[in-house]
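Descriptive structure summary
In case you want the letters, here they are:
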Amino acid sequence: MRENNCIFCKIANGEISSRTLYEDDKFRVILDLGPATKGHALILPKDHYSDLFELPEECAGDVMKLARKMVLKMKEKLGCEGFNLVQNNGDLAGQTVFHFHMHLIPRYRADGQKIGWKPQEVSGEELEEIKNQIVD
Ligand code: AMP
Ligand code: ZN
């Protein structure tokens, strides 16, 4: 399943070259062209799914297993001390390429990056209301 004019479909399936760290029949892992830190990589499924909303359950499990395998290898080879796994869904959430991908971002002491959010204040009542909204 590929989508015409999807750059990550072309990269994942080898039509456009990339710095590939890993490849199997379902996935390609490449170096990001605009890295947050040294070794910033992307896991790309070879099939086209726009985002996590479309990703089949089995593939989602495979992505996490592959992420684990990659971070173990990259930690050993690059000597990074931490990792952020980032996965954006929807333009509101910062997604810019609409082919599912997971960012693997190695973290080094004093690497100058900050991946996070501004914590908001919330009351116990609000938390309870939100929980009830989500839980069946
Ligand atoms: P996102 O904002 O989560 O959709 O992330 C898209 C990521 O893809 C960004 O980190 C870009 O630097 C990266 N990117 C875009 N085009 C390419 C490309 N041709 N090869 C490698 N990485 C790319
Ligand atoms: Zn695609």
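Above this text is the structure in question.
Residues numbered from 1 in each chain as written. Chains lettered and ligands numbered in written order. Predicted model: local features only at pLDDT ≥ 70, side-chain atom pairs only at ≥ 80, totals over all residues. Heavy atoms only, no water.

1. Side note on the site of ligand 1
Ligand 1 sits among 16 residues. The nearest are Asp-32, Gly-94, Thr-96, His-101 and His-103. A distance of 2.9 Å separates an oxygen atom of ligand 1 from a polar atom in the backbone of Gly-94. One of the side-chain N or O atoms of His-103 is found 2.8 Å from an oxygen atom in ligand 1. A molecule is said to occupy a pocket when more than half its atoms come within 2 Å of that pocket's grid points, and by this definition ligand 1 occupies the largest pocket. Those elements that provide at least two residues to the shell around ligand 1 are α1 (7-12) and β2 (27-31). Tallying contributions element by element places α1 first for the shell around ligand 1, with 3 residues. When grouped by side-chain class, the residues that make up the shell around ligand 1 number 8 nonpolar, 7 polar and 1 charged. (Near = heavy atom within 4 Å. Polar contact = N/O pair within 3.5 Å; in protein donor to acceptor, adjacent residues only side chain to side chain. 1 Å grid on protein atoms, 1.4 Å probe; cavity = no way out; pocket = protein on both sides within 12 Å on 5 of 7 lines; lining within 4 Å. Sits in = over half its atoms within 2 Å of the grid points. Helix = DSSP H or I, 4+ residues; strand = E, 2+ residues; numbered from the N terminus. Nonpolar A, V, L, I, M, F, W, Y, C, P; charged D, E, K, R; others polar.)

2. With respect to the coordination of the zinc ion (ligand 2)
Taken together, the protein ligands of the zinc ion (ligand 2) are Cys-6 (SG), Cys-9 (SG), His-48 (ND1) and His-99 (ND1), with distances of 2.0 to 2.2 Å. The coordination sphere of the zinc ion (ligand 2) comprises 4 donor atoms, whose angles at the metal cover 105 to 115°; the geometry is tetrahedral. Mapped onto the sequence, the donors of the zinc ion (ligand 2) take the spacing C-x2-C-x38-H-x50-H. You can see Cys-9 sitting in helix α1 and its partner His-99 sitting in the loop between β4 (82-86) and β5 (102-107), a full 90 residues away along the chain. Like His-99, Cys-9 is buried. (Donors = N, O, S within 2.8 Å, 3.2 Å for Na, K, Ca; no water. Tetrahedral: all angles 85-135°; square planar, octahedral: opposite > 155°, others 65-115°. Buried < 20%, exposed > 50% of the residue type's maximum accessible area, 1.4 Å probe, protein only.)

3. With respect to the nonpolar core
Counting 16 residues, the largest nonpolar core has Ile-43, Val-63 and Leu-104 as the members making the most contacts within it. Of all the secondary-structure elements, those providing two or more residues to this core are β2, β3 (41-45), α2 (57-78) and β5. With 7 residues, the single largest contributor to this core is α2. Ignoring sequence-local partners within four residues, the contact set of Val-63 consists of Phe-27, Ile-43, Leu-55, Phe-100 and Met-102. Cys-6, Phe-8, Ala-12 and Leu-44 belong to the second largest nonpolar core, which has 8 residues in total. (Core = buried A, V, L, I, M, F, W, Y, C linked by side-chain atoms within 4.5 Å. Contact = heavy atoms within 4.5 Å.)

4. Here we look at the environment of Glu-23
Among the secondary structure elements, Glu-23 is positioned in strand β1 (residues 20-23). Of the residues examined, Glu-23 reaches a relative accessible area of 43% and is grouped as partly exposed. As a C-alpha pair, Glu-23 and Ala-12 span 11 residues in sequence and 8.7 Å in three-dimensional space. Here the side chain of Glu-23 touches Lys-46 through a polar contact of 2.7 Å, side chain to side chain.

5. Some thoughts on the pairing of β3
Taking burial as the measure, the 5 residues of β3 include 5 buried ones, the bulk of the element. Here β3 shows two buried faces, one formed by Ala-41, Ile-43 and Pro-45 and the other by Leu-42 and Leu-44. In this structure, β2 lies alongside β3, joined through 5 bridges in antiparallel fashion. Across the sheet, residue Val-29 finds its bridge partner in β3, namely Ile-43. (Pairing = 2+ DSSP bridges.)

6. Points about the side chain of Asp-51
Within the secondary structure, Asp-51 sits in the loop between β3 and α2. At 3.1 Å, the side chain of Asp-51 and the backbone nitrogen of Phe-53 are in polar contact. Among residues more than four places away in sequence, those in contact with Asp-51 are Asn-89, Gln-95 and Phe-100.

That's the geometry; what it means functionally is another story.
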